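Residues per chain, in single letters:
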Amino acid sequence: SFVISIFDIIFFNISLFIFTPFLLFILVNFLNYLNICIQTQNYFKSHQIKFLNTLKKQLETSKQQAKEIIAKVFEEYGIDRLNGVMVSSLTVTPQKDDVKEHLIVKNEESLIKLGYVKVDEKKLKESLYTDKFNEIEPFIDIEVENISKPAALKINKRKIQIPEIVS
């Protein structure tokens, strides 16, 4: 049979009293250590992500510049398309000139009085091409920006897989 004496209970309580603060101290220090480790990992991960994002932007810029340079060389030699056997075809896209409109609101209160609850550039642009143009025109300015996109190379992926030729 199992007998518990008063001595056992007192010894157990004393040992809990002595060891509990020590165990709590160890537990708190361990949790602090884990927290520091996690913060350090998050710091390094965030810096790695920033570094990789800048590399990605640089690579995209370099890729676009390479496409433009190759397109110029192709145009010099009169090549407008190259067809590949296994991979893809290359096509020179022509230079494009775009016009972009920017609306500048001169008097927001007057537009709100005309029925525009919130001055939204998209809705104002739509209204420019309707009969409301004459009401809106005194309260806005329109800036026109010419955007020139240079000729570039377009890589067309093959949709049909061609089987390999065994020699």
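Thresholds, definitions, all that
- Residues numbered from 1 in each chain as written.
- Predicted model: local features only at pLDDT ≥ 70, side-chain atom pairs only at ≥ 80, totals over all residues.
- Heavy atoms only, no water.
- Helix = DSSP H or I, 4+ residues; strand = E, 2+ residues; numbered from the N terminus.
- Buried < 20%, exposed > 50% of the residue type's maximum accessible area, 1.4 Å probe, protein only.
- Contact = heavy atoms within 4.5 Å.
- Core = buried A, V, L, I, M, F, W, Y, C linked by side-chain atoms within 4.5 Å.
- Patch = residues over 30% accessible without salt bridge, like charges linked within 9 Å, V, L, I, M, F, W, Y side chains within 5 Å.
- Areas by Shrake-Rupley, 256 points an atom, 1.4 Å probe, with all protein chains shown as cover.
- Salt bridge = Lys/Arg side-chain N within 4 Å of Asp/Glu carboxyl O.
- Pairing = 2+ DSSP bridges.
- Axes fitted to C-alpha atoms, helices over the stretch in contact; angles between N-to-C directions.

**Student:** Just checking my understanding: could you explain the overall build of the chain for this structure?
**Tutor:** Tallying secondary structure elements over the chain gives four helices and five strands in all. Sequence-ordered secondary structure for the chain, helices as α and strands as β, is α-β-β-β-α-α-α-β-β. Residue burial in the chain is summarised as follows: out of 167 residues, 13% are buried. Taking the intrachain contacts of the chain between residues at least 6 apart in sequence as the baseline, contacts between residues at least 24 apart amount to 70%.

**Student:** Quick question: what am I supposed to make of the environment of Val-99 here?
**Tutor:** Structurally, the position occupied by Val-99 is in strand E3 (residues 96-105). By relative accessible area, Val-99 is classed as exposed at 55%. For the pair Val-99 and Ile-147, spaced 48 residues apart in the sequence, the C-alpha separation amounts to 6.0 Å. Residues contacting Val-99, with those up to four places away along its chain left out, are Val-144, Glu-145 and Asn-146.

**Student:** Sorry, what's going on with the nonpolar core here?
**Tutor:** Among soluble globular proteins, nonpolar side chains are generally buried collectively. Membership of the largest hydrophobic core is limited to six residues, which are Leu-103, Leu-111, Leu-124, Leu-128, Ile-136 and Ile-140. Membership of the second largest hydrophobic core comes to five residues, among which are Ala-71, Val-92, Ala-151 and Leu-153.

**Student:** For this particular structure, what's the right way to read a nonpolar patch on the surface?
**Tutor:** A contiguous nonpolar patch, built from Leu-24, Leu-27, Phe-30, Leu-31, Tyr-33 and Leu-34 and spanning about 590 Å² of accessible area, is present on the exposed surface. Tracing the chain through its elements places Leu-27 in helix H1 (residues 6-76). Owing to a relative accessible area of 45%, Leu-27 belongs among the partly exposed residues under this scheme.

**Student:** Help me understand the pattern of salt bridges, please; the structure alone is not making it clear to me.
**Tutor:** Proximity of charged atoms lets side chains of opposite charge pair with each other. All told, the structure shown has one salt bridge when counted by the stated rule. Among the ionic pairs, Lys-106 bridges to Asp-141, the shortest N-O distance being 3.4 Å. Residue Lys-106 is located in the loop between E3 and helix H2 (108-113), and its partner Asp-141 is located in strand E4 (residues 140-149); the two are separated by 35 residues in the primary sequence. By relative accessible area, Lys-106 is classed as exposed at 51%.

**Student:** What is the right way to read the sheet that holds strand E2 (residues 88-93) from this model?
**Tutor:** Within a sheet, each strand pairs with its neighbour through backbone hydrogen bonds, oriented either parallel or antiparallel. The three strands lie next to each other as E1-E2-E5, forming an open sheet whose pairing is antiparallel. Both outer strands of the open sheet, strand E1 (81-83) and strand E5 (152-157), are each paired with one neighbouring strand and no more. Pairwise comparison of adjacent strand axes, ignoring direction, gives a mean angle of 15 degrees for this sheet.

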